[in-house]
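For reference, the chains in residue letters:
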Amino acid sequence: MTRVIGLTGGIGSGKSTVSRYLAELGAIVIDSDKVGHEFFKPHTGAWREVVSAFGQQILTSEGEIDRQKLGKIVFDNQEALLRLNQIMHPRMKELVKTQLDEYRRQGVDVVVLEAAVLIEANWLSNVDEVWVVAASESTVLKRLKEQRGLKEEQILARIRSQLSNEERIKYADAVIYNDGDLDAVRETVRELWQNLHQ
Ligand code: ATP
């Protein structure tokens, strides 16, 4: 039977890093960010709703939704973020469900659904267990400043717009603490993978 793991965590906590290690171990990974991108293509239903909510200024010259421009609007404005989420999350949940059903049909062993919004968007019914990646605020600030060149206040605004680690951990079947180095997190992932296959 296919096991579906919902992998979540705050901005910069290490979700993609953990997903990469799980993929190396043999999991199929669905990146929900990429699922969202499907709906940013011109003239889909979601595209139309997003443009009517936020205006033409969020489009690229090709008419696609520009995620950076949209990001600037919603991460400063809780109401705008809610509006965007109302448009995107139900559609993404539906598409993810279709993909998961297909993997289940194929008999894939482990599928990882990487989703920052797993809990907030109420996608828990799509997964069999929840793994939370948690890094402290100071670790996230350091990594994202150094590795992505983000400013402290941008990072803090994003952290504040999301659930806290404590709240996420309430839903967790496993917690991957990621304040150590890459070898440490890789080892934690390897142990969890082994537990799954005992
Ligand atoms: P986002 O929320 O933006 O999608 P994320 O949760 O997927 O981020 P990653 O992209 O995996 O997080 O990690 C954020 C940054 O921190 C990346 O540049 C990654 O290489 C780095 N990183 C993650 N874990 C570690 C670690 N244990 N040691 C050093 N760097 C790390």
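The structure reproduced in this document is the subject of the present report. What you see is a predicted model; the values in this text were computed from it and never measured.

Turning to the sheet that holds strand S5 (residues 174-177), a few remarks are in order. Strands in a sheet are paired, the pairing made by backbone hydrogen bonds, and the direction either parallel or antiparallel. Reading across the sheet, the five strands line up as S2-S3-S1-S4-S5 and stay open at both edges, with parallel pairing between neighbours. The outermost strands of the open sheet, each flanked by one partner alone, are strand S2 (28-31) and S5. When the angles between neighbouring strand axes are averaged without regard to direction, this sheet yields 25 degrees. Packed onto the sheet, helix H5 (residues 78-106) meets strand S1 (3-9), S2 and strand S3 (110-114) and runs at close to 170 degrees relative to S2.

Tracing the chain through its elements places lysine 15 in helix H1 (residues 15-25). For lysine 15, which is buried and forms no salt bridge, the nearest opposite charge comes from glutamate 114, at a distance of 5.6 Å. One polar contact links the side chain of lysine 15 to the main-chain carbonyl oxygen of glycine 9, over a distance of 3.2 Å. Leaving out residues up to four positions away in the same chain, lysine 15 has contacts with Leu7, Thr8, Gly9, Gly10, Glu114, Ala116 and Val133.

To continue, consider the side chain of arginine 143. Take arginine 143: it is sitting in helix H6 (residues 137-148). Comment: no salt bridge for buried arginine 143; closest opposite-charge side chain is aspartate 179, at 5.6 Å. Each residue touching arginine 143, except ones within four places of it in the same chain, is listed here: Ser13, Ala135, Arg148, Asn178, Asp179 and Gly180.

Now for the nonpolar core. Val50, Phe54, Ile65, Leu70, Met88 and Leu113 are the most contacted members of the largest nonpolar core, which totals 33 residues. Going through the elements one at a time, helix H3 (45-54), helix H4 (67-74), H5, S3 and strand S4 (129-134) are the ones with two or more residues in this core. The element contributing the most residues to this core is H5, with eight residues. Apart from residues lying up to four places away in sequence, leucine 70 is in contact with Phe40, Val50, Phe54, Ile58, Ile65 and Leu84. In terms of nonpolar packing, the next biggest core, distinct from the first, is built from 17 residues, Leu22, Ala27, Val133 and Ala174 among them.

Looking at where serine 125 falls in the secondary structure, it is placed in the loop between S3 and S4. Along the sequence, serine 125 and lysine 97 sit 28 residues apart, while their C-alpha atoms lie 9.6 Å from each other.

Across the interface, H3 lies against H5 with an axial gap of 10 Å and an inter-helix angle of 175 degrees. It follows from the interaxial angle that H3 and H5 lie roughly antiparallel. Contact residues: H3 offers Gly45, Ala46, Glu49, Val50, Ala53 and Phe54, while H5 offers Ala80, Arg83, Leu84, Ile87, Met88 and Arg91.

On to the site of the ligand. Around the ligand lies a shell of 16 residues, among which Lys15, Ser16, Thr17, Gln147 and Arg148 are the nearest. A distance of 2.7 Å separates an oxygen atom of the ligand from a polar side-chain atom of lysine 15. Glutamine 147 has a polar side-chain atom sitting 2.5 Å from an oxygen atom of the ligand. Starting from 620 Å² of accessible surface for the ligand in isolation, the protein chains cover 79%. Elements with a minimum of two residues in the shell around the ligand: H1 and H6. Split by residue class, the shell around the ligand holds two nonpolar, nine polar and five charged.

Conventions used here
One numbering rule holds for all chains: residues counted from 1, following each sequence as written. pLDDT decides what is reported in this predicted model: residues at 70 or higher carry local features, side-chain atom pairs at 80 or more are listed and counted, and totals for whole chains, interfaces and linings draw on all residues regardless. Calculated side-chain values reflect all of the structure's heavy atoms, with hydrogen atoms and water omitted. In this scheme, strands are said to pair when DSSP sees at least two bridges between them. For helices the rule is a DSSP run of H or I covering at least 4 residues; for strands it is a run of E covering at least 2, with both sets numbered from the N terminus onward. Between the N-to-C directions of two axes lies an angle of 0 to 180 degrees, each axis being a line fitted to C-alpha atoms and, for a helix, fitted only over the stretch in contact. We call two residues in contact whenever any of their non-hydrogen atoms come within 4.5 Å of each other. To sort residues, take the accessible area from a 1.4 Å probe on protein chains only and compare it with the maximum for the residue type: under 20% means buried, over 50% means exposed, and anything in between is partly exposed. This count recognises Lys and Arg as positive and Asp and Glu as negative, with His and chain-terminal groups excluded. We define a salt bridge as a side-chain nitrogen of Lys or Arg found within 4 Å of a carboxyl oxygen belonging to Asp or Glu. In protein, a polar contact requires one atom able to donate a hydrogen and another able to accept it; more generally it is a pair of N or O atoms within 3.5 Å, and residues adjacent in sequence count only if both atoms are side-chain atoms. By convention a nonpolar core is built from buried Ala, Val, Leu, Ile, Met, Phe, Trp, Tyr and Cys residues, the set being connected through side-chain atoms within 4.5 Å. Relative orientations are named as follows: roughly parallel for angles under 35 degrees, roughly antiparallel for angles over 145 degrees, roughly perpendicular for angles from 65 to 115 degrees, and oblique for any other angle. Any residue with a heavy atom positioned within 4 Å of a molecule or strand is treated as near that molecule or strand. The Shrake-Rupley method, run with a 1.4 Å probe, gives the accessible areas here. Residue values count only the displayed protein chains as cover. Classification convention: Asp, Glu, Lys, Arg as charged; Ala, Val, Leu, Ile, Met, Phe, Trp, Tyr, Cys, Pro as nonpolar; all other residues, Gly among them, as polar.

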